[in-house]
Amino acid sequence: MEVDKEKLKKVAHLARLNIKPEEEDQLLKDMGEILNWVEKLREVDTEGVEPITHMTQEVNVLRNDEAEISISRKEALKNAPDEDGKYFKVPKVLKRND
């Protein structure tokens with residue numbers, strides 16, 4: 001499948017990407033290489049190969065979730081640029097639009 005500038009622009013629009021004109025040639029080349037790779041995968045004989053749902057045979061290798069104190073509050077706050085004894089204090093990051 002050949003990728004032209006129209007298809008590139010359509011994909012960019014669908015992905016909400018702003019592509020600069022100087023980036024188009026490299027992106028066309030990259031997309032073409034990706035599609036060629038996918039075409040190459042279609043040549044692989046997968047007859048009789050069962051689809052897999054997991055990469056390993058291991059199932060639910062989890063540890064028990066147990067609460068424990070790993071660091072004291074005082075120790076956690078000792079390198080904070082600003083704190084109030086309980087919490088880190090940070091600059092306001094939300095802005096009201098009135």
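Described in the following lines is the structure provided in the data block. Treat the numbers as computed from the prediction; the structure is a model and nothing was measured.

### Here's the deal with the pattern of salt bridges
Pairing between side chains of opposite charge can happen when the charged atoms of each approach one another.
Here comes step 1: Throughout the structure, instances matching the rule amount to four salt bridges.
Here comes step 2: Put simply, Lys5 and Glu24 hold a salt bridge, and the shortest N to O gap is 3.3 Å. Residue Lys5 is located in helix H1 (residues 5-14), and its partner Glu24 is located in helix H2 (residues 24-42); the two are separated by 19 residues in the primary sequence.
Here comes step 3: On the basis of relative accessibility, which here comes to 12%, the residue Glu24 falls in the buried class.
Here comes step 4: Note that Arg42 is salt-bridged to Glu39, the shortest N-O span being 3.6 Å.

### Observations concerning the packing of H1 against H2
Here comes step 1: Interaxial distance between H1 and H2 falls to 10 Å at its minimum, and their mutual angle equals 90°. With respect to H2, the element H1 is oriented roughly perpendicular. Residues Lys5, Leu8, Lys9 and Val11 of H1 lie in contact with H2, whose contacting residues are Glu24, Asp25, Leu27, Leu28 and Met31.
Here comes step 2: For the contact of H1 with H2, the per-class residue count stands at five nonpolar, no polar and four charged.

### A word on a nonpolar patch on the surface
Here comes step 1: Together, Ile34, Trp37, Val38, Leu41 and Val44 give the surface a local cluster of nonpolar side chains, amounting to about 490 Å² of exposed area.
Here comes step 2: Summarising the element assignment, Trp37 is placed in helix H2.
Here comes step 3: The exposed category is assigned to Trp37, whose relative accessible area is 57%.

### Section: unusual backbone geometry
Here comes step 1: The phi angle at Arg16 is positive, at roughly 55°, despite the residue not being glycine.
Here comes step 2: On the secondary structure map, Arg16 appears in the loop between H1 and H2.
Here comes step 3: Assessed through its relative accessible area of 62%, Arg16 is described here as exposed.

The rules behind the values
Residues numbered from 1 in each chain as written. Predicted model: local features only at pLDDT ≥ 70, side-chain atom pairs only at ≥ 80, totals over all residues. Heavy atoms only, no water. Salt bridge = Lys/Arg side-chain N within 4 Å of Asp/Glu carboxyl O. Helix = DSSP H or I, 4+ residues; strand = E, 2+ residues; numbered from the N terminus. Buried < 20%, exposed > 50% of the residue type's maximum accessible area, 1.4 Å probe, protein only. Axes fitted to C-alpha atoms, helices over the stretch in contact; angles between N-to-C directions. Parallel < 35°, antiparallel > 145°, perpendicular 65-115°, else oblique. Contact = heavy atoms within 4.5 Å. Nonpolar A, V, L, I, M, F, W, Y, C, P; charged D, E, K, R; others polar. Patch = residues over 30% accessible without salt bridge, like charges linked within 9 Å, V, L, I, M, F, W, Y side chains within 5 Å. Areas by Shrake-Rupley, 256 points an atom, 1.4 Å probe, with all protein chains shown as cover.

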